[in-house]
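Observations on the model geometry
Listed here are the chains, written in short residue letters.
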Amino acid sequence: MNAGEVPVGRGPKEDDGLRAAPHVLDDRGPDGGVPRRRVVAWAAWDWGSAAFNAVITTFVFTVYLTSSGFGDAAETSSKLGIGTALAGVAIALLAPVIGQRADRAGRPALWLGVNTAVVVTLSALMFTVRPDPAFLWWGITLVAVGNVFFEFASVNYNAMLSRVSTPATVGRVSGFGWGAGYLGGIVLLLILFVGFISPEVGWFGVTHDDGLNIRVAILIAALWFGVFAVPVLIALPDRRDGNHPRARPLGVVASYRALFGTIKGLAREHPHTLFFLVASAVFRDGLAGVFTFGGVIAQGTFGFTPGQVIVFGIAANVVAGLATIAFGILDDRLGPKTLILGSLLAMVLAGLGIFVFHDQGTRMFWILGLLLCVFVGPAQSASRSFLARMIPPGREGEIFGLYATTGRAVSFLAPLMFTAAIAVGTRVTGGPAQYWGILGIVLVLLAGLLLLLPVRPEERRSEAVGMP
């Protein structure tokens, strides 16, 4: 047996009466590989989920909620921030426990379907949000709760990565899924932009009256997610391993007690997995900051028009998607840690280039900005595959839940450093210095890189992680 492989049918050990959930890896073909149709079905969820990420939380619905129809932009943005912050707290507190309970039930596909169905339903309900201040909190609530259940679904989805990959292909499979998410978002955005958002009278006679063009676009986005979420549920249904009865459910208090036991077990038996969770939380926030503040810098420092920002955003996502798929091969050949370190280093250098050449106009940002985007997706995908290689079987949901929690726990870093760097730059230069903000993002990426350096990859093992 190769290093890192897990014998099929051998379940996790039991500790003090808490039985870990059975784990089935027997989705392999007769040659030991995973059939391509199952990989494509799994990646289809990533493709479809971009409807929530790109359309609802980034480019369309949240922008709609902060438009003049709902009130003063500063006030609506502040309230939206409150809603998303509360959602972040809920995710940080609940994600690992939700993942753990799914592990114990041994039914990740069921819970992926349930959580996805909730997100699709909440997205469809956004059609009812009219451009009126009376609907603002209703819209914010739908976005916030949708964020929570989307993160829960993502935990279940990531936990299924081991079922559609082998130790030799986990990097390229993760990259294929992540890249599909980028490209799916762009395809859907283009469809909605051409068909409903841009024209005065869109397809099916939809107009801008009462925000109908945006509301219909969101309804189609919900349908898009629902349709593309189905293949993985059909191709990778939950199975039972007859050698292991279903684990008994835990109450809320017992679930948190088991979670703390897992963290202790990681610290004692798998410290580098815990170190990686911390390091990845930092650099993933830096990666998020690249997309969050990239458009802001393009417009404020390099003179992009709003239309140019949209065009750049489309190009950036296409570049990130294609690069993520292509770099997945390097993940498997060089190892995910090497790919992450190389990507972070390239992004640090590109960010410094943006700072140094901030007065060189739009062409320079097109070059350096797209260079940044080349490495964002590969770093994100390799981070997922790095962790997937180390998680003991049957604990995927819980550990990926911790992955979500650690990411949320430091989500303030990039915005804080971006703002602080601008404040320092303004004081140093004596005038507006928005371009200094990129240094804040660079520092977050560099901190994540340095934290990752001492982390050693650990073999995926067949025993459970430190159950109390």
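Refer to the structure above for everything that follows.
These notes cover the structure that comes with them. Sequence order sets the numbering: in each chain, residues are counted from 1 along the sequence as written. Confidence filtering applies because this is a predicted model: local features only for residues at pLDDT of at least 70, side-chain atom pairs given and counted only at 80 or more, and all residues used for totals across whole chains, interfaces and linings. In computing side-chain values, all of the structure's heavy atoms are included and hydrogens and water are not.

1. Considerations on the overall build of the protein
Secondary structure is summarised from DSSP: a helix means a run of H or I of at least four residues, a strand means a run of E of at least two, and numbering begins at the N terminus for each. Across its full length, the protein holds 15 helices and zero strands. Each residue is placed in one exposure class: buried if its accessible area under a 1.4 Å probe, protein chains only, is under 20% of its type's maximum, exposed if it is over 50%, and partly exposed if it falls in between. For the protein, the proportion of its 468 residues judged to be buried stands at 54%. A total of about 19,300 Å² of accessible surface is found on the protein, and carbon and sulfur atoms cover 67% of it. Surface accessibility in these figures is a Shrake-Rupley result with a 1.4 Å probe; residues are shielded only by whichever protein chains are displayed.

2. Digging into unusual backbone geometry
A positive phi angle, close to 60 degrees, is found at Phe204, a residue other than glycine. When you line up the elements, Phe204 lands in the loop between helix H6 (170-197) and helix H7 (212-235). By relative accessible area, which is 77% here, Phe204 ends up exposed. Positive phi values are uncommon outside glycine, yet Asp210 reaches one of about 60 degrees. For Asp210, the location among the structural elements is in the loop between H6 and H7.

3. Some thoughts on the pattern of salt bridges
The rule for a salt bridge is simple: a side-chain nitrogen of Lys or Arg has to be within 4 Å of a carboxyl oxygen of Asp or Glu. Counted by the stated rule, this structure contains six salt bridges. Here Asp210 ties to Arg130 by a salt bridge, and the two come within 2.2 Å at their closest N and O atoms. Here Asp210, found in the loop between H6 and H7, pairs with Arg130, found in the loop between helix H4 (108-125) and helix H5 (136-159); they are 80 residues apart in sequence, far enough to count as distant. Take Asp210: its relative accessible area is 38%, and that puts it in the partly exposed class. By relative accessible area, which is 36% here, Arg130 ends up partly exposed. In this structure, Asp331 engages Arg389 in a salt bridge whose closest nitrogen and oxygen atoms are separated by 2.8 Å.

4. Things to note about the side chain of Ser383
Along the chain, Ser383 turns up in helix H12 (residues 362-390). Ignoring any residue separated from it by four or fewer positions in sequence, one finds Ser383 in contact with Phe276, Ser280, Phe283, Arg284, Ile340 and Tyr403. Should any heavy atoms of two residues lie within 4.5 Å, those residues are considered in contact.

5. Concerning the nonpolar core
In plain words, nonpolar cores are sets of buried Ala, Val, Leu, Ile, Met, Phe, Trp, Tyr and Cys residues tied together by side-chain atoms within 4.5 Å. Among the nonpolar cores identified, the biggest contains 120 residues, and Trp42, Trp45, Phe61, Leu65, Phe276 and Leu387 are the most heavily contacted of them. It is H12 that contributes the most residues to this core, 13 residues altogether. Beyond its immediate sequence surroundings of up to four residues, Phe61 is in contact with Val55, Ile56, Met126, Val129, Gly139, Val143 and Ile218.

6. Side note on the environment of Leu372
Mapped onto the elements, Leu372 comes out in helix H12. Along the backbone, Leu372 and Gly351 are 21 residues apart, and their C-alpha atoms lie at a distance of 7.3 Å. Those residues within four positions of Leu372 in sequence are excluded, and the remaining contacts are Val290, Met347, Ala350, Gly351 and Ile354.

7. Here we look at the packing of helix H1 (residues 36-59) against H7
Relative to each other, H1 and H7 sit at 160 degrees, their axes nearing to 7 Å. The angle between H1 and H7 falls in the class roughly antiparallel. In this structure, H1 meets H7 at a crossing whose hand is left-handed. Here H1 contributes Arg38, Ala41, Trp42, Ala44, Trp45, Trp47, Gly48, Ser49, Ala51, Val55 and Ile56 to the contact with H7, which in turn contributes Ile218, Ala221, Trp224, Phe225, Phe228, Ala229, Pro231, Val232 and Ala235. Grouping the amino acids of the contact of H1 with H7 by side-chain chemistry returns 17 nonpolar, two polar and one charged. To get an axis, fit a line to the C-alpha atoms, keeping to the stretch in contact for a helix; angles then go from 0 to 180 degrees between the N-to-C directions. Here the word oblique covers every angle except those under 35 degrees (roughly parallel), over 145 (roughly antiparallel) and from 65 to 115 (roughly perpendicular). Handedness of a crossing is defined here by the sense of rotation of the near helix relative to the far one, left-handed for an anticlockwise turn of less than a right angle and right-handed for a clockwise turn. Note on residue classes: Ala, Val, Leu, Ile, Met, Phe, Trp, Tyr, Cys and Pro are nonpolar, Asp, Glu, Lys and Arg are charged, and everything else, Gly too, is polar.

8. Brief notes about H1
With 24 residues, H1 extends 32 Å between its outermost C-alpha atoms, agreeing within 8% with the 34 Å of an ideal straight helix rising 1.5 Å per residue. The largest bend in H1 is about 30 degrees, located at Ser49. Under the convention used throughout, the expected extent of a helix is 1.5 Å for every residue step, that is, one less than its residue count. Bending is quantified residue by residue as the angle between axes fitted to the seven-residue window ending at that residue and the seven-residue window starting at it.

9. Brief notes about the environment of Val118
Tracing the sequence through the fold places Val118 in helix H4. Put simply, Val118 and Val145 are 27 residues apart on the chain and 9.3 Å apart in space, counted from C-alpha to C-alpha.

10. Let's talk about the packing of helix H11 (residues 336-356) against H12
Here H11 crosses H12 at 155 degrees, and the two axes come no closer than 8 Å. Regarding the angle of H11 to H12, the classification is roughly antiparallel. At the point where H11 passes H12, the crossing takes the left-handed sense. Across the contact of H11 with H12, the residue classes break down as 17 nonpolar, six polar and two charged.

11. Quick notes on the packing of aromatic side chains
Within 6.5 Å between ring centres, the rings of Phe, Tyr and Trp (the latter by its six-membered ring) count as paired, and their orientation is classed by plane angle as stacked under 30 degrees, edge-to-face over 60, tilted in between. Going through the model one piece at a time under the given rule, you end up with 21 aromatic pairs. Centroid distance Phe61 to Tyr64: 5.9 Å. Interplanar angle 45 degrees. Geometry classified as tilted. Within this pair, Phe61 and its partner Tyr64 are both found in helix H2 (residues 61-65), separated by three residues, close to a single helical turn. The burial state of Phe61 is the same as that of Tyr64; both residues are buried. A connected cluster of aromatic rings, assembled from ring pairs, spans Trp42, Trp45, Phe52, Phe150, Tyr157 and Phe225. Put simply, a charge is over a ring when the Lys NZ or the Arg CZ is close to the ring centre, within 6 Å, and near the line of the ring normal, within 35 degrees. Residue placement shows Arg215 over the ring face of Phe127; its charged tip is 4.6 Å from the ring centre.

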